[in-house]
Amino acid sequence: MLHLHHSWTPNIDRLAEEGVILIQHLAAASMCTPSRAAFLTGRYPIRSGMVSSNGLRVLQWVSVSGGLPKNETTFAKILKDKGYVTGIIGKWHLGLNCESATDHCHHPLSHGFDHFYGMTLSMMGDCIGFDLSEKRVGLQRRLRFCLQVVALAVLSLAAGKVMGLASVPWALVIGSAVAALLILIASYFLGPLIVHADCFLMRNHTITEQPMKFQRTASLMLREVSSFLKRNKHGPFLLFVSFLHTHIPLVTTEKFLGKSLHGLYGDNVEEMDWMVGKILDYLDKEGLSNSTLVYFTSDNGGSLEYQLGNHQYGGWNGIYKGGKGMGGWEGGIRVPGLIRWPGVLSAGRVVAETTSLMDIFPTVIQLAGGAVPQDRVIDGRDLLPLLLGTAQHSGHEFLLHYCEKFLHAARWHQPDTGTVWKVHYITPIFQPEGTGGCYGRIMCPCFGEGVTRHDPPLLFDLSRDPSETHVLTPATEPMFHQVIARVQQAVERHQQTLSPVPLQLDELRNIWTPWLQPCCGRFPLCWCDREEDPNV
C-alpha cells in the first residue's frame, strides 16, 4: 500500500519551499500585546513600557488609556517617511485612545500606517459568548458576589427599619435596593455589552461594523487586502496582514468546519492557510510576487490551557516545553519564521541561527533605504546577511526572555562552539505537576506563589536538548559555572540600558474607561453595519 503525504497547510508550506526557513525564530514575549510592540519597534517591550507588573499581561479593553507610546517609532513610520504606502489589516491590540473616545493617540494611523482595517483589540472568546472566557465569566462572578453583599445589606436595613432596631432613612434602603437592581442588570447584560464594546471593525478612524458579523470577517479582510494591493501596486508598499485566526473562539467559516482531523483548531488553521494562499494569488495576479518580500510568523506559541474536556482549542507546540503566557520555556516563544523573496533569497534555505521578531525592524528599514534610529536602543539585528548567506552567524549572542516585567530566562549562543545555552531564573509551577501547563487557570503566572525562583538557575543545552528536559548541573556539565557567569554578565549589561517608563498594561492604564469607549451611536446602544457583504 502506498501512503501519500497530505499537507494540511499547502500555502504556508509553499512559502517555506520557496523561501528561507528560520528554525530558531523567537518572539520577544509570550503574549500578543508586548510581542507585537517589540515586533513593530525592534525593542524589548520593557523598554517601551508595553508590559505589566500585576498579571494583566495584555490590553484588556478597547477603552483603556494604555497603548504603544507616541514616542516609540515603528518600522511603518520610517518606511512611510521613505515614500512607502503603509497598511495594516486585521488585529492591532496596541491601544486606541488616551483622553477621549476620538483622540486615537494609539491608533495605527498615529504610528506610521496610512491605512487600517480591522480590530483595534483582539479576537476573544467573549466576542461570541464562547465557553472559554477572558473577562465575562470572571466579571459576572464578581458582580454576583457584590449583588449578594448589597442584597444582604438591603434586607438587613429594611428589617432593622421595620422592626425599629435601626434608625436608618428609607432613602438609604431604597438607594441600596436600586444599587442591587443595577448590579443585577449589569450582570445579565454584561456579555452583550462586551461584544458591542470590544468586538467591532474599523476602517481608518471610522467604525464600520459594531458588533462584528464573524462569518464574513475573513472575506472582508481578503477583500481589503486585494483592494490595497490593486491601489498601490505601482509604488513601494508595506502591508501587515494580522490574522484573527488561531485564537479562541476560533471563528471558522462553514466551508472549513469539520475538514481537519485536528478538531476546530485544525479547521481554523486550514482556513488561515487558505487565506495565505489567496493573498499569494493576489500578488501573482497583480504581478507583484517577484518584487515583494513576504514574511510569515506568529506572535507567540500555542496556549495549552485553552481546553474544554477532551477538546484542545489553543494549539500545540510540538517538542517544545510550555506555551503561551510562559516567558521562558520555548513553547511560548519559539515561532515559525518564513521569508520569501523570489530571485533574491535562495528557495529552501534553512537558517539555524538565533533570530527574533525584533529583527524585522532593522531589516525592512535597511531594505527601504532608511536609517535605524540612533537615539534609542534597538534590540533587533539586520537579517539580510543571514538570509543571503553572506553571514554565518546571527547578530544575537544573547537574547532575554521576559514574563511581564520579570526576567525569566536568557540564552547564549556561544560563538566559538555554536552551542545554545538557556538559563532559567524563574519558571512557572505546573499544575498538575509534570503536565507542562497551568491547567485550571487561563495561563501560568509570572510572579508570586505560582512560580519558582531558581538559585542557582536552571541550565539547558538547547543544541542537544531543544525540549528542555535535561537540567544540567556542575556534576554533569563542566562549563556550568562559566556559562551561568557569562550569561549573568550579559543580563547586567542589558539591565544597565533600561530606563524607567510608565507601564502601559498596569491597572491604571488598563481598566475600562467609559469616556474612551468608541461607539457608532450613543453608548451603550452601539450598533452599525456599513459593510457590503462580500459573500453576496
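Values in this document were obtained by computation on a predicted structure and should not be read as measured data.

1. A look at the overall build of the protein
What the protein contains, in helices and strands, is 12 helices and 19 strands. For 536 residues, the compact-globule estimate of 2.2 N^0.38 gives 24 Å, and the protein sits close to it at 25 Å. Overall, the protein is about 90 × 65 × 65 Å in size when its C-alpha atoms are taken along their principal axes. Per-residue burial over the protein gives 56% buried out of 536 residues. A separation threshold of at least 6 residues defines the contact pool for the protein, and within that pool the share at least 24 residues apart is 72%. Accessible surface, the protein as shown: approximately 23800 Å² in total, 58% of it carbon and sulfur. Positive and negative side-chain charges of the protein, numbering 45 and 47 respectively, have mean locations separated by a distance of 5 Å.

2. Quick notes on the nonpolar core
Leu40, Phe75 and Leu229 are the most contacted members of the largest nonpolar core, which totals 84 residues. Among residues more than four places away in sequence, those in contact with phenylalanine 75 are Phe39, Leu40, Leu238, Ile360, Phe361, Val364 and Ile365. Core analysis: the second largest hydrophobic core is formed by 28 residues, Leu407, Trp421, Phe480 and Val483 among them.

3. Remarks on the environment of arginine 381
You can see arginine 381 is positioned in the loop between helix 10 (360–367) and helix 11 (384–388). Here arginine 381 falls in the partly exposed class, since its relative accessible area comes to 35%. As for arginine 381 and methionine 358, which are separated by 23 residues in sequence, their C-alpha atoms are 7.4 Å apart. Beyond its immediate chain neighbours, meaning those up to four positions away, arginine 381 contacts Asp359, Pro362, Thr363, Gly395 and His396. At 3.2 Å, the side chain of arginine 381 and the backbone oxygen of aspartate 379 are in polar contact.

Reading the values: the criteria
All residue numbers refer to positions counted from 1 along the written sequence of the respective chain. Given that this is a predicted model, residues contribute local features only at a pLDDT of at least 70 and side-chain atom pairs are listed and counted only at 80 or more, while totals for whole chains, interfaces and linings are drawn from all residues. Note that the side-chain values use all heavy atoms of the structure and ignore hydrogens as well as water. The helix count covers DSSP runs of H or I at least four residues long, the strand count covers runs of E at least two residues long, and both are numbered beginning at the N terminus. The globule rule used here is 2.2 Å times the number of residues to the 0.38 power, and the radius of gyration it is set against is calculated over C-alpha atoms. Burial classes follow relative accessibility: with a 1.4 Å probe on protein chains only, a residue under 20% of its type's maximum area counts as buried, one over 50% as exposed, and anything between as partly exposed. When checking whether two residues touch, look at their non-hydrogen atoms; a contact exists if any pair is within 4.5 Å. Surface exposure here means Shrake-Rupley accessible area, sampled with a 1.4 Å probe, where a residue is shielded only by the protein chains that are shown. Within this scheme the basic residues Lys and Arg register as positive and the acidic residues Asp and Glu register as negative, but His and the chain ends are omitted. To locate a charge, the coordinates of NZ of Lys, CZ of Arg, CG of Asp or CD of Glu are taken. The criterion is simple. A nonpolar core is a set of buried Ala, Val, Leu, Ile, Met, Phe, Trp, Tyr and Cys residues joined through side-chain atoms within 4.5 Å. A 3.5 Å cut-off defines polar contacts: any pair of N or O atoms within that distance qualifies, except that in protein one atom must be a possible hydrogen donor and the other a possible acceptor, and neighbouring residues in sequence count only when both atoms are side-chain atoms.

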